[in-house]
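As a plain string of letters, each chain reads:
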Amino acid sequence: MGNEVTEMLDALHNGTMTIDQVVQRFRERTWPRRQRPEPTTYADMAAEELQDPEPYVPGSYDDVAAAFHDGRLTEEQYTKLIEAIAESKRDEDAR
């Protein structure tokens, strides 16, 4: 099942979009955020480490990480894309 992020990653991989086009779209979109509260004590941090991994969130960084681990992104592409995600989130936080 696809989503906007996986479609862009597929287009990048297939050569129908450039890295610059995908980076620009990544900067412009809103990214889902995890709703888990931050641990406040060492005991909370330890308990969190023992929990199962967070579930997959479609249309999120999870799709970018999966594409990188599947070998569909180079390290340079991955770095540019995660920087674009971070920039988008910082801009959203500033608003």
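The structure this text deals with has already been given above.
All figures in this text were calculated on a predicted structure; none of them were measured in a lab.

1. Observations concerning the overall build of the protein chain
Phase 1 of the analysis: Along its length, the protein chain carries 5 helices and 0 strands.
Phase 2 of the analysis: Along the protein chain, from the amino end to the carboxyl end, the secondary structure elements read α-α-α-α-α.
Phase 3 of the analysis: Oriented by its inertia axes, the alpha-carbon framework of the protein chain measures out at about 50 × 35 × 25 Å.
Phase 4 of the analysis: The 95 residues of the protein chain split such that 29% are buried.
Phase 5 of the analysis: Total accessible area on the protein chain stands at roughly 6,800 Å², and carbon and sulfur atoms take up 51% of it.
Phase 6 of the analysis: Taking the 11 positively charged and 21 negatively charged side chains of the protein chain as two groups, their mean positions are separated by 4 Å.

2. Brief notes about the side chain of Asp-63
Phase 1 of the analysis: Of note, Asp-63 is situated in helix H4 (residues 61–69).
Phase 2 of the analysis: The charged side chain of Asp-63 is buried without a salt bridge, its nearest counter-charge being Arg-29 at 7.4 Å.

What counts, and at which threshold
- Residues numbered from 1 in each chain as written.
- Predicted model: local features only at pLDDT ≥ 70, side-chain atom pairs only at ≥ 80, totals over all residues.
- Heavy atoms only, no water.
- Helix = DSSP H or I, 4+ residues; strand = E, 2+ residues; numbered from the N terminus.
- Buried < 20%, exposed > 50% of the residue type's maximum accessible area, 1.4 Å probe, protein only.
- Areas by Shrake-Rupley, 256 points an atom, 1.4 Å probe, with all protein chains shown as cover.
- Lys, Arg positive; Asp, Glu negative; His and termini not counted.
- Charge placed at Lys NZ, Arg CZ, Asp CG, Glu CD.
- Salt bridge = Lys/Arg side-chain N within 4 Å of Asp/Glu carboxyl O.

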